[in-house]
Structure formats: structure tokens, C-alpha cells
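Structural overview
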Amino acid sequence: MRYNLAGMHYTAVIKRAITVLGIIGVFFVGFMVGSSPTQLENRFKNDAMQYPYISQRVLNSHTNDMIINLTPLREVMNARYNEKKVPLGVYFEYLPTGSSIGINDQYQVEIGSLSKVPAVMAGYRQIETGNLHKDTLLTIKKEYLNNQFGDLWKRGEDTQLKVGELIDYTLKKSDNTAANTIVAALPKGALEEVFSALDLPKSRVGPYPVMSPKSYASVFRNLYLASYVSRDSSQEILERLTKTDFKDKLPAGVPVDVNVSHKIGVFRVKNVQDIYSDCGIVYAPSRPYLLCVMAAADEDTARAEIAAYSKMVYSYIRNVKPANTAR
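For clarity, every value in this text was computed on a predicted model and none was experimentally measured.

Parameters at a glance
Residues numbered from 1 in each chain as written. Predicted model: local features only at pLDDT ≥ 70, side-chain atom pairs only at ≥ 80, totals over all residues. Heavy atoms only, no water. Helix = DSSP H or I, 4+ residues; strand = E, 2+ residues; numbered from the N terminus. Contact = heavy atoms within 4.5 Å. Axes fitted to C-alpha atoms, helices over the stretch in contact; angles between N-to-C directions. Parallel < 35°, antiparallel > 145°, perpendicular 65-115°, else oblique. Left-handed = near helix turned anticlockwise from the far one by under 90°. Salt bridge = Lys/Arg side-chain N within 4 Å of Asp/Glu carboxyl O. Buried < 20%, exposed > 50% of the residue type's maximum accessible area, 1.4 Å probe, protein only.

**Considering the environment of phenylalanine 220**
- Considering the arrangement of structural elements, one finds phenylalanine 220 in helix α8 (residues 213-224).
- It is 9.5 Å that separates the C-alpha atoms of phenylalanine 220 and serine 234, two residues lying 14 residues apart in sequence.
- When near neighbours in sequence (up to four residues on either side) are disregarded, phenylalanine 220 contacts Leu238, Leu241, Ser261, His262, Lys263, Cys279, Gly280, Ile281 and Leu290.

Put into C-alpha cells, the structure is as follows:
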């Protein structure tokens, strides 16, 4: 028997059919003062339309989790890791239940531009408290210019952009100059507060934090649950990250009509192994999940590995049957 996921064939290590623990329906009637069940249902539907990128658990206390058997997925992920022997770490989390799979998920790397998401979260916290406004003009100073990623540096010093525009550049284009300008506008300790609140490691190599796929997953989990910044802010950040310019890693493993809210990271230092990362949420219909892959390899190898794990996970999550239909 052979098992086919992500276009790769692996000898099956499981000889019985996939069994699924399933979708467990646990329903209860909820009432609020002055609200009928129908009114509550309509309110939750409206919230879901308004916040499509936020966990439905946050919006609707009646939403029930799904529990599925992840053992076959774990086996094929391990098989690829052992076969390819590329230095990398993978962390997968099935968001409706919190069930997870780690493949060398404590692998520590320099996260590069992945650090821009916490920086933007710090910016949104300042917007929420009134210390910043999206239409506030910020001036790009000479020391903020950086030509290693993004093109905003070409506009030169003294260029002025609104905070909202700089956030767009930072998230959608991973622009270093935009990120530097936002961070410079934060009050002292604001970025460190995000790292502490999300329980992110503080160790660094040069300017970049060092983290594992499992630890960095906290960033997207907190956005998904709207637990650090507000629902509106979390929604805006996640939505912007579905519109990034980078489609060759996690998004390459899923159909083009499936939203992927993600952030890439690149760490390059002369005479040091390059690091390529991609972490985010894949909004598979009714089955959203978090996936983070960090690879110490050349760009072509890292791209191929990240896309392969992405395709592998999506194929399983979309095709596995719930328990009440499994035979």
C-alpha cells in the first residue's frame, strides 16, 4: 500500500484505513436578555461576515470544534523530513481543535522579516490607544532607509507617508524602510511589550530575534483569536497578509482561491547559511490551520520544501473524512 500526499509517494506505515475521531456536535441553547435564539444566530452570522479572518470561536460561543485524526499526516511529514534531510523545522496546528504536529519544531533560526508582524501589532496597539493615527504622516529619515528588502528606500529621505500606508508596505511588500519608520514612531518599550505578551523568545542574532516555528506560531494564533489587539485590528492585519506579493512558498501549496494570511522571512549574512521562512494561516474551507516552516538552505531548496509541506498538509486536511462519515 502506498500513501500519496502533496504529489509525493511514501510507503505507508499504517496498514489500516484512516479512522477519524471526527466532528463532535455538542450543541446547547444560549439565551441573552432580550435576544431570541434566532436573533443570536443572525448576530453571529453578521459578525462572521464582518470578521472572516478571525476565529469563529471568538465570535460565536455556539461554534463547535472538530477533532480529526492527524496520525497519517504526521507520518508522511516525518517521512519527507527523514528522506530529504534538509535542515528545517515545521509546526502545524489545526485551529478548530488546537491539535498540532511538530517536525523538529524547536529548530532555532533568525526570523528576519517575520519580526515585522509583531512590529505592526505594536503599531496597531498605539493606534487603539490614540497615540498614533492611521492618517498621521511620518517622515522617512536617512537612518531608516534600507535597500535589502523593498523599494521604498528609492524615494529617499524626507519622504512622508501615512501610518496606514507604511503598514501596507510593511505587510504586503515586507519593506524594510517602512518597517524601520514604524518602529521608530513607537514609544519606548512598545515592541518589547508585544514580545512579552505573546511569550516570544528574547534572544537575538544581531538585529533579528531567534525563534522556532512553534514559538513564532504564537503571533498568528494571537491574531486569529484577537487576543492582543482588537478584533478590527486583528482582522485588518490578517487581511493585509492575504494580499502579500509573495506566492511561492505556503500559497504555492494550496489552490489559488484559498486565502493564505502569511508572512515570509529571509535572513542572509555573508558566509552564513541563508534562512527562509514562511508562517501563517491557511483558510481551508471550514478547516483553517496554522503552518510555519523555517529552513536553513539555499532559496530554491527552501522554496521547494516549504511549498511541499504546504501542499501535503492542505491535501490531507481537505480530503480526510469526518468521523461520522468514515467507514
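Moving on from the model shown.
**Comments concerning the packing of helix α4 (residues 116-128) against helix α5 (residues 163-172)**
- Relative to each other, α4 and α5 sit at 160°, their axes nearing to 10 Å. Comparing their axes, α5 and α4 come out roughly antiparallel. Crossing geometry of α4 relative to α5 is assigned as left-handed. For the pair α4 and α5, the contacting residues are Lys116, Val120, Tyr124 and Ile127 in the first and Val163, Ile167, Thr170 and Leu171 in the second.

**Structural notes on the pattern of salt bridges**
- As enumerated under the stated definition, the model contains 16 salt bridges in all.
- With a shortest N-O distance of 2.5 Å, arginine 240 and aspartate 168 are connected by a salt bridge. Placement of arginine 240 in helix α9 (residues 231-240) and of aspartate 168 in helix α5 is noted, with a sequence separation of 72 residues between them.
- On the basis of relative accessible area, arginine 240 is assigned to the buried category, the value being 16%.
- Here aspartate 168 falls in the partly exposed class, since its relative accessible area comes to 25%.
- Note that arginine 303 and glutamate 299 form a salt bridge whose closest N and O atoms lie 3.3 Å from each other. Here arginine 303 pairs with glutamate 299, and both are found in helix α10 (residues 299-319), just four residues apart, close to one helical turn.
- When its relative accessible area of 24% is taken as the criterion, arginine 303 is described as partly exposed.
- Owing to a relative accessible area of 30%, glutamate 299 belongs among the partly exposed residues under this scheme.
- The structure contains a network of salt bridges with shared partners spanning Asp248, Lys249, Arg268, Glu299, Asp300 and Arg303.

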